[in-house]
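# Structural overview
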Amino acid sequence: MKSKVFAALLFLLVIFEVYAQEVDFIEVNLDSVSGSQVRGLFQDSKNQVWLGTREKGIYCINNDRIFKLQINNPDALTSFISAIEDNDRIWFSARGVMHVKDSSVKVIENPREVKSTVVFSISGHKDKLYFSGNRGVDTFENGTWLHINEANGLKHQVVHDTAVDNDGNIWFATRKGGLNMLDKEGNWHYYLPDQNCRKFLKTSSGDIWIGTSKGAVLLHPSTRETLEYYKDTAVLPQFEAKDGTVYFSSETSGIHTFSPGENIWKSFSVENSNLDDNTVYVTIQTNDGKIWIGQNQGFQVLKALSND
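Given the structure is predicted, the values throughout are model-derived calculations rather than measurements. (Residues numbered from 1 in each chain as written. Predicted model: local features only at pLDDT ≥ 70, side-chain atom pairs only at ≥ 80, totals over all residues. Heavy atoms only, no water.)

## Some remarks on the overall build of the chain
A tally of helices and strands in the chain yields 1 helix and 28 strands. With the C-alpha coordinates of the chain rotated into their principal frame, the extents come out at 70 × 50 × 30 Å. For the chain, the proportion of contacts with a sequence separation of at least 24, taken over those separated by at least 6, is 42%. Entry remark: accessible area of the chain is about 15700 Å², with carbon and sulfur atoms responsible for 47%. On the chain, the mean spot of the 31 positive side-chain charges and the mean spot of the 38 negative ones are 5 Å from each other. (Helix = DSSP H or I, 4+ residues; strand = E, 2+ residues; numbered from the N terminus. Contact = heavy atoms within 4.5 Å. Areas by Shrake-Rupley, 256 points an atom, 1.4 Å probe, with all protein chains shown as cover. Lys, Arg positive; Asp, Glu negative; His and termini not counted. Charge placed at Lys NZ, Arg CZ, Asp CG, Glu CD.)

Set out below in C-alpha cells:
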C-alpha cells in the first residue's frame, strides 16, 4: 500500500514539476515582429493567432494586441514551424517539441518519446498525433510511444510530414525516399521515388496535395493515382478555402492558387498583386476569412488576394 501511495505522490510531483515552468505573456508593439522572418502561423480555438519568428521568438495576437511568449527555460522553443491544438494544449515544433497550456509549458526532452531533434510537422488524426522529423515519425498510441523509421519500412529517415487518408492508410513525405505509404494491413508501398516530398494538405474531398521540391502533386488515395502540377517550381500547399480554392506558398514567387472546379491556376506576387513580399513561408486563413501571410520581412494580413 505504501509503495502505491508513494508512486501516486511521485507521479503528482512529476506533473507539478513539469508544469511549474511558468509562461509570461509580455505585451509588445507591432515593430517587435516587423523585419523578422515569420515561419509559423497558427490560429487556436480561442481565435488567437500565434506567430513563430526565426530570430525574435513566439508571439500571440489577441484582439489586435500582440504578446511575446516568455519562458524561463533554456530548452524551450524560441520559434515554431508547426503547431496543433490537442486537449486544451497547443503543441509547437521546430528544433524540439513543447506544448503550452494556460500559463504553463512542458518541453518534451525524453528521447524515448520524440526521437527527432528537428520536428518539421505535427499532424493529427482522430486521437493520435504524428511528429515528423529528422529521425522518422513518432506517435503515441495506447499509452506507448511508437517510432517509424528506416528500420521498419521508411525509405528515408527524414520525414517532413505525415497524413492519414480516409481509408486509414498512413502517408509519409520523405526527403530522399519519395512518397511512402503504410496501409492499414501493415504493408508498405512507395511512390514518386525521385521527389523530395515536403508537405501534405488533405482536402475536403479526401484528396491529398503534396508539395515537393519539383512542384505540386495531387494524390487520389482511393486509386493511388498522382497528377503533377507546377513542374520545376517548389510550392507547398497551405490551406483549402471555403470555396475549394487551394493556396500554395513559394519562397521565391509568392502565392499560387488552384481552383479545382475550373482547373485554373493563379499566381500572386509583388509585381502583379497586393502581396508585399515574394518570399512566403506560410499562410493560413483565419475564421473571419482573412489571409495571414508569413514573409521574409514580418507578416501581412489581407481580406483577399487581389491582382488589381
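Now that the structure has been shown, we can carry on.
## Regarding the sheet that holds strand 8 (residues 96-101)
Pairing within the open sheet is antiparallel, and its 4 strands lie in the order 6-7-8-9. Each edge of the open sheet is held by one strand with a lone partner, namely strand 6 (82-86) and strand 9 (104-108). Pairwise comparison of adjacent strand axes, ignoring direction, gives a mean angle of 20° for this sheet. Of the pairings in the sheet, the one linking strand 8 to strand 9 comprises 5 bridges and is antiparallel in character. Its bridge partner lying in strand 9, His99 is registered against Lys106. (Pairing = 2+ DSSP bridges. Axes fitted to C-alpha atoms, helices over the stretch in contact; angles between N-to-C directions.)

## A short note on the sheet that holds strand 10 (residues 119-125)
Overall, antiparallel pairing links the 4 strands, which are arranged 10-11-12-13 in an open sheet. Either end of the sheet is taken by a strand with one partner, and the two such strands are strand 10 and strand 13 (144-148). On average, each strand axis in the sheet is inclined to that of its neighbour by 20°, with strand direction left out of account. Two strands pair when backbone bridges link them, and strand 10 and strand 11 (residues 128-133) are joined in this way by 6 bridges, in the antiparallel orientation. Opposite Val119, over in strand 11, you have Gly133 as the bridge partner.

## A short note on the pairing of strand 26 (residues 280-285)
Taking burial as the measure, the 6 residues of strand 26 include 5 buried ones, the bulk of the element. The hairpin turn running from strand 26 into strand 27 (residues 291-295), its antiparallel successor, is 5 residues long, and Gly289 in that turn takes a positive phi close to 90°. (Buried < 20%, exposed > 50% of the residue type's maximum accessible area, 1.4 Å probe, protein only.)

## Thoughts on the confidence of the model for the chain
With 94% of its residues at a pLDDT of at least 70, the chain reaches an overall mean of 90. Below a pLDDT of 50 lies the segment residues 1-20, which in the model reaches 7 contacts outside its immediate sequence neighbourhood of four places, other chains included. (pLDDT = per-residue confidence, 0-100.)

## Structural notes on the environment of Gly178
Relative to the helices and strands, Gly178 resides in the loop between strand 15 (170-174) and strand 16 (179-182). C-alpha separation for the pair Gly178 and Asn142, spaced 36 residues apart in sequence, amounts to 30 Å. The contact partners of Gly178, leaving out residues within four places of it in the chain, are Phe172, Ala173, Tyr191, Leu192, Pro193, Gln195 and Cys197.

## Section: the side chain of Thr212
On the secondary structure map, Thr212 appears in strand 19 (residues 208-212). Reaching out from Thr212, the side chain makes a polar contact with the backbone nitrogen of Lys214 at a distance of 3.0 Å. Beyond its immediate stretch of four places on either side in the chain, Thr212 contacts Gln195, Asn196, Cys197, Arg198, Val217, Thr233, Ala234 and Val235. (Polar contact = N/O pair within 3.5 Å; in protein donor to acceptor, adjacent residues only side chain to side chain.)

## Notes on the packing of aromatic side chains
A full pass over the atoms with the stated rule returns 20 aromatic pairs. A ring pair is formed by Phe248 and Trp265, whose centres lie 5.1 Å apart and whose planes are at 40°; its orientation type is tilted. Here the residue Phe248 occupies a position in strand 23 (residues 246-250), and Trp265 occupies one in strand 25 (residues 264-268), the gap between them amounting to 17 residues. Note on Phe248: relative accessible area 0%, which makes it buried. (Phe/Tyr/Trp six-rings, centres within 6.5 Å; stacked < 30°, edge-to-face > 60°.)

## Thoughts on the environment of Thr117
Turning to its location among the elements, Thr117 is positioned in the loop between strand 9 and strand 10. As a C-alpha pair, Thr117 and Asp127 span 10 residues in sequence and 24 Å in three-dimensional space. In this structure Thr117 touches Ala94, Arg95, Gly96, Asn134 and Arg135, once residues within four positions along its chain are discounted. A polar contact is formed between the side chain of Thr117 and the side chain of Asn134, at a distance of 2.8 Å.

## Let's talk about the pattern of salt bridges
If you walk through the whole model with that rule in mind, you get 3 salt bridges. Between Arg89 and Asp86 there is a salt bridge; the shortest N-O distance is 2.7 Å. Accessibility classification places Arg89 together with Asp86 in one group, the buried group. Between Asp194 and Lys214 there is a salt bridge, with its nearest N and O atoms 3.7 Å apart. Here Asp194 is found in the loop between strand 17 (188-191) and strand 18 (197-202), whereas its partner Lys214 is found in the loop between strand 19 and strand 20 (215-220), with 20 residues between them in sequence. Residue classification places Asp194 among the exposed residues on the basis of a relative accessible area of 53%. (Salt bridge = Lys/Arg side-chain N within 4 Å of Asp/Glu carboxyl O.)

## Concerning the pairing of strand 16
In strand 16, alternate side chains face the same way, and those of Leu179 and Met181 on one face and Asn180 and Leu182 on the other are all buried. Here 4 bridges tie strand 15 to strand 16, and the two strands are oriented antiparallel to one another. By the bridge assignment for strand 16, Phe172 is matched with Asn180. The turn linking strand 15 back onto strand 16 is made up of 4 residues, and Gly178 within it adopts a positive phi angle of 70°. As paired elements, strand 16 and strand 17 share 4 bridges and run antiparallel to each other. Looking at strand 17, one finds that Leu182 is bridged to Trp188. Following strand 16, the chain reverses through 5 residues before pairing antiparallel with strand 17; Gly186 in that reversal takes a positive phi of roughly 95°.

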